[in-house]
Amino acid sequence: MSEKRYFRQQNPFIVPTTDGKLIEEHIGQASTGTAKYSVAHMVAPPQWSEPHQRPEFDEVTIVVRGRKRFEIDGDVVELSAGESLLIKAGARVRYSNPFDAECEYWSICVPAFSPATVNREEE
C-alpha cells in the first residue's frame with residue numbers, strides 16, 4: 001500500500017512559553033519536521049507583548065477573536081476578528097495584545113517558523 005498523501009494532526013505540539021501565551025503548532029518544524037511552512041494556533045493574553053524581531057520568513061496572521069497590534073517598520077497596524085495580515089521576511093516587527101481581552105489567531109509562516117530565524121531583539 002502506498003503512503004497516504006495527507007496528514008491529520010490530532011496532537012499539536014504545545015510550545016513552552018513563560019509569558020502566558022498559548023502556542024499550538026499544528027504543522028512545522030517542532031510538530032511534524034516540516035521546514036517549508038508552519039501553521040500554529042495561538043491565544044495571546046491581555047497586555048501581552050513580544051520583543052521586536054526581524055524574521056527571515058513571511059508570516060500571515062488571521063485573527064479569530066479579539067484584537068492584535070503589530071508595529072511594522074515604524075507603522076502601527078491593529079487587526080480585529082476576521083482580518084488578516086501578511087508581514088514579509090526582513091520587516092522589523094513587534095507583536096502585542098495591549099487590550100483587555102484575549103486575542104486568538106492563526107499564524108502561517110513560509111518557510112516554517114524557527115527560533116534560529118526569528119531574530120528577536122533583546123529588550
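Residues numbered from 1 in each chain as written. Predicted model: local features only at pLDDT ≥ 70, side-chain atom pairs only at ≥ 80, totals over all residues. Heavy atoms only, no water.

An unreviewed UniProt entry lists the protein under the name Cupin domain-containing protein, from Hymenobacter lapidiphilus.

## Concerning the overall build of the protein
Secondary structure assignment for the protein yields 1 helix and 10 strands. Secondary structure of the protein in N-to-C order comes out as β-β-β-β-β-β-β-β-β-β-α. Its C-alpha atoms give the protein a radius of gyration of 15 Å, near enough to 14 Å, the size a compact globule of 123 residues would have. Each principal axis of the C-alpha atoms in the protein carries an extent, and together these give about 55 × 30 × 25 Å. (Helix = DSSP H or I, 4+ residues; strand = E, 2+ residues; numbered from the N terminus. Rg over C-alpha atoms; globule rule 2.2 N^0.38 Å.)

## Some details on the environment of Val63
Mapped onto the elements, Val63 comes out in strand S5 (residues 58–65). The buried category is assigned to Val63, whose relative accessible area is 2%. Residues Val63 and Gly82, 19 residues apart in the sequence, show an inter-C-alpha distance of 5.8 Å. Dropping the residues within four chain positions of it, Val63 is found in contact with Lys68, Leu79, Ser80, Ala81, Gly82, Glu83, Cys103, Glu104 and Tyr105. (Buried < 20%, exposed > 50% of the residue type's maximum accessible area, 1.4 Å probe, protein only. Contact = heavy atoms within 4.5 Å.)

## Overview of the pairing of strand S10 (residues 103–110)
Along any regular strand the residues' side chains alternate between the sheet's two faces. Pairing of strand S3 (residues 38–44) with S10, which is carried by 7 bridges, proceeds in the antiparallel orientation. Residue pairing for S10: Ala40 is matched across the bridge by Ser107. As judged from the 7 bridges shared by S5 and S10, these two strands associate in the antiparallel manner. Looking across to S10, one finds that Arg65 is bridged to Glu104. (Pairing = 2+ DSSP bridges.)

## Here's the deal with the sheet that holds strand S9 (residues 93–97)
The strand order S4-S9-S6-S7 describes an open sheet built from 4 strands, whose pairing is antiparallel. Edge positions in the sheet fall to strand S4 (48–49) and strand S7 (75–80), since each of these pairs with one other strand and no more. Examined bridge by bridge, strand S6 (residues 67–72) and S7 share 6 bridges and lie antiparallel to one another. In the strand pairing of S7, Lys68 is matched with Leu79.

## A look at the pattern of salt bridges
Here the structure, examined in full by the defined rule, presents 7 salt bridges. Glu102 is the salt-bridge partner of Arg65, the closest N and O atoms lying 3.2 Å from each other. Here Glu102 lies in the loop between S9 and S10 and Arg65 lies in strand S5, a separation of 37 residues in the sequence. The exposure class of Glu102 is partly exposed, given its relative accessible area of 37%. Its salt-bridge partner being Glu121, residue Arg92 comes within 2.7 Å of it at the nearest N-O pair. Highlighted residues: Arg92 in the loop between strand S8 (84–87) and S9 and Glu121 in the segment after helix H1 (115–118), separated in sequence by 29 residues. For Arg92, a relative accessible area of 29% translates into the label partly exposed. Look at Glu121 and you get partly exposed, because its relative accessible area is 29%. Salt bridges sharing partners connect three or more residues here, namely Lys21, Glu50 and Arg120. (Salt bridge = Lys/Arg side-chain N within 4 Å of Asp/Glu carboxyl O.)

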